[in-house]
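Here's the letter readout for the chains.
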Amino acid sequence: MNTGETTVLVVEPDLDTQRVYRQRLIHDPDIKLIGICSSIASATALLAQTNCDILFTELNLPDGDGLDFIRRASEDLAVQNIVAVTSKNSAADIAAAVENGAVGYITKQDSDLHDVGNYIRILRAHGSPISPTAARVLVDALRRKPVVSVAASRPAVANPLSPRETEVLNLLARGMSFAEISSVLNISCHTVTAHIKKIYRKLQVHSRGEAVYEAAQLGILPSM
């Protein structure tokens, strides 16, 4: 995420909740609220036309599955920071949101959205805003899983990345910025971002360092 003005899109069908978002975000000089949408259709149309640093979305949406929308926004529209802000708090919903691309999960029972500015600061610092209820659900779910060493559980796999994604990852590993990769490969920064999102998803990581380490472990890159 850039260190200047942060662009934010909200997808929330409830008018009262929309009003709270607007009140908390509209006067912040470091935030550009690019829109508050009531549906997946209107949000998708807006995301196709403008850059979005952070997406806050409800899961209960009138025209489709909010979890599927998160996946599409992450994979197809290259939104890197997606936070579910919802009344849903089951382990299945929380896990599905994260698996589909969300980096944060706020349950409305825990928040009146007055902290939305703080959530943005956490995201800008490469953190993940997670409400206490969601965090407890995740902790309980992890405790129920058997402990297996990473080395023992890692199967031998072929390179899961496409040739272009591997090329992008190699340039990332060399410390190049998104803009430098764009210039070297003669593609747009938006396309670079889309490739990197796919790399992160395929390698099941959330940062450049994790991607490089995981790729080295898989033999995609020389060991670091």
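Each chain has its residues counted from 1, following the order in which its sequence is written. Totals for whole chains, interfaces and linings use every residue, but because this is a predicted model, local features are given only for residues with pLDDT of at least 70 and side-chain atom pairs only at 80 or more, for both listing and counting. Heavy atoms throughout the structure, all of them, feed into the side-chain values; hydrogens and water do not.

Quick look at the nonpolar core
Moving on, step 1. Among the nonpolar cores identified, the biggest contains 26 residues, and Leu 9, Leu 47, Leu 55, Phe 69 and Val 79 are the most heavily contacted of them.
Moving on, step 2. Segments assigned H or I by DSSP are reported as helices when at least four residues long, segments assigned E as strands when at least two residues long, and all are numbered from the N terminus. Elements with a minimum of two residues in this core: strand E1 (6-11), strand E2 (31-37), helix H2 (40-47), helix H3 (66-75), strand E6 (81-86), helix H4 (91-100) and helix H6 (132-143).
Moving on, step 3. When residues in this core are grouped by element, the largest group, four residues, is from H3.
Moving on, step 4. Contact definition: two residues touch when any of their heavy atoms are within 4.5 Å. Leaving out residues up to four positions away in the same chain, Leu 55 has contacts with Leu 9, Val 11, Phe 69, Ala 73, Val 79, Asn 81, Ile 82 and Val 83. To qualify as a nonpolar core, a set must consist of buried Ala, Val, Leu, Ile, Met, Phe, Trp, Tyr and Cys residues joined through side-chain atoms within 4.5 Å. Only protein chains enter the calculation, and the probe is 1.4 Å; a residue is then buried if its accessible area is under 20% of its type maximum, exposed if over 50%, and partly exposed in between.

Description of the confidence of the model for the chain
Moving on, step 1. Per-chain confidence: the chain averages 85 in pLDDT, with 90% of residues scoring 70 or above.
Moving on, step 2. Per-residue confidence from the predictor is reported as pLDDT, which spans 0 to 100. Across residues 147-154, where pLDDT falls below 50, the model places four contacts with residues more than four positions away in sequence or in other chains.

Looking at the packing of helix H8 (residues 163-173) against helix H9 (residues 178-185)
Moving on, step 1. Each axis is a line fitted through C-alpha atoms, taken for helices only over the stretch in contact, and angles between the N-to-C directions span 0 to 180 degrees. At a closest axis distance of 10 Å, the pairing of H8 and H9 adopts a crossing angle of 130 degrees. Relative to H9, the element H8 lies oblique. Seen along the crossing, H8 lies across H9 with a hand that is right-handed. Here Arg 164, Glu 167, Val 168, Leu 171 and Leu 172 of H8 lie close against H9, whose contacting residues are Phe 178, Ile 181, Val 184 and Leu 185.
Moving on, step 2. In terms of residue class, the contact of H8 with H9 is made up of seven nonpolar, no polar and two charged. These descriptions rest on fixed angle ranges, namely under 35 degrees for roughly parallel, over 145 for roughly antiparallel, 65 to 115 for roughly perpendicular, and the rest for oblique. Take the far helix as the reference: if the near one is turned anticlockwise from it by less than a right angle, the crossing is left-handed, and if turned clockwise, right-handed. Following the grouping adopted for this structure description, the nonpolar residues are Ala, Val, Leu, Ile, Met, Phe, Trp, Tyr, Cys and Pro, the charged ones are Asp, Glu, Lys and Arg, and the polar ones are all others, Gly among them.

So, the sheet that holds E6
Moving on, step 1. With parallel pairing, five strands are arranged side by side in an open sheet as E2-E1-E3-E6-E7. Looking at strand neighbours, the two that pair on one side only are E2 and strand E7 (104-107), the edges of this open sheet. Neighbour-to-neighbour, the strand axes of this sheet turn through a mean angle of 15 degrees, independent of strand direction.
Moving on, step 2. Paired strands are those between which DSSP finds at least two bridges. Bridging between E1 and E2 involves six bridges; their strand directions are parallel.

Thoughts on H2
Moving on, step 1. Listing the buried residues of H2 in full gives Ile 40, Ala 43 and Leu 47. All buried residues of H2 fall inside an arc of 70 degrees around its axis, so they share one side.
Moving on, step 2. Contacts from the buried residues of H2 go to E1, E2, strand E4 (60-61), strand E5 (64-65) and H3. When we speak of the arc, we mean the arc of directions from the helix axis to the C-beta atoms.

Describing unusual backbone geometry
Moving on, step 1. Even without glycine at this site, His 126 takes up a positive phi of about 65 degrees.
Moving on, step 2. Relative to the helices and strands, His 126 resides in the loop between helix H5 (116-124) and H6.
Moving on, step 3. His 126 gets classed as exposed once you look at its relative accessible area, which sits at 68%.
Moving on, step 4. Within the chain, Asn 186 stands out as a residue other than glycine whose phi angle is a positive 60 degrees.
Moving on, step 5. One can find Asn 186 in the loop between H9 and helix H10 (189-203).

A short note on the pattern of salt bridges
Side chains bearing opposite charge may pair, as long as their charged atoms lie close to each other.
Moving on, step 1. Note on definitions: salt bridges are taken to be side-chain nitrogens of Lys or Arg within 4 Å of carboxyl oxygens of Asp or Glu. Summed over all chains, the structure comprises nine salt bridges.
Moving on, step 2. The shortest N-O distance in the salt bridge between Glu 75 and Arg 71 comes to 3.6 Å. Here Glu 75 pairs with Arg 71, and both are found in helix H3, just four residues apart, close to one helical turn.
Moving on, step 3. Glu 75 sits in the partly exposed class, given a relative accessible area of 24%.
Moving on, step 4. Arg 201 is paired through a salt bridge with Glu 75; the nearest N and O atoms lie 3.2 Å apart. Taken together, the residues span a long stretch of sequence, with Arg 201 in helix H10 and Glu 75 in helix H3 at a distance of 126 residues.
Moving on, step 5. Arg 201 gets classed as partly exposed once you look at its relative accessible area, which sits at 26%.
Moving on, step 6. Connected through salt bridges with shared partners, the residues Asp 68, Arg 71, Arg 72, Glu 75 and Arg 201 form a single ionic network.

Looking at the packing of aromatic side chains
Moving on, step 1. In this analysis, rings of Phe, Tyr and Trp, with Trp reduced to its six-membered ring, are considered paired at centre separations within 6.5 Å, and the interplanar angle assigns stacked below 30 degrees, edge-to-face beyond 60, and tilted for intermediate values. Enumeration according to the criterion identifies one aromatic pair in this entry.
Moving on, step 2. Judged by centre distance (6.1 Å) and plane angle (40 degrees), the ring pair of Tyr 21 and Phe 56 falls under tilted. Remark: Phe 56 occurs in strand E3 (residues 54-57) and Tyr 21 occurs in helix H1 (residues 15-25); sequence separation between them is 35 residues. Here Tyr 21 matches Phe 56 in class, with each residue buried.

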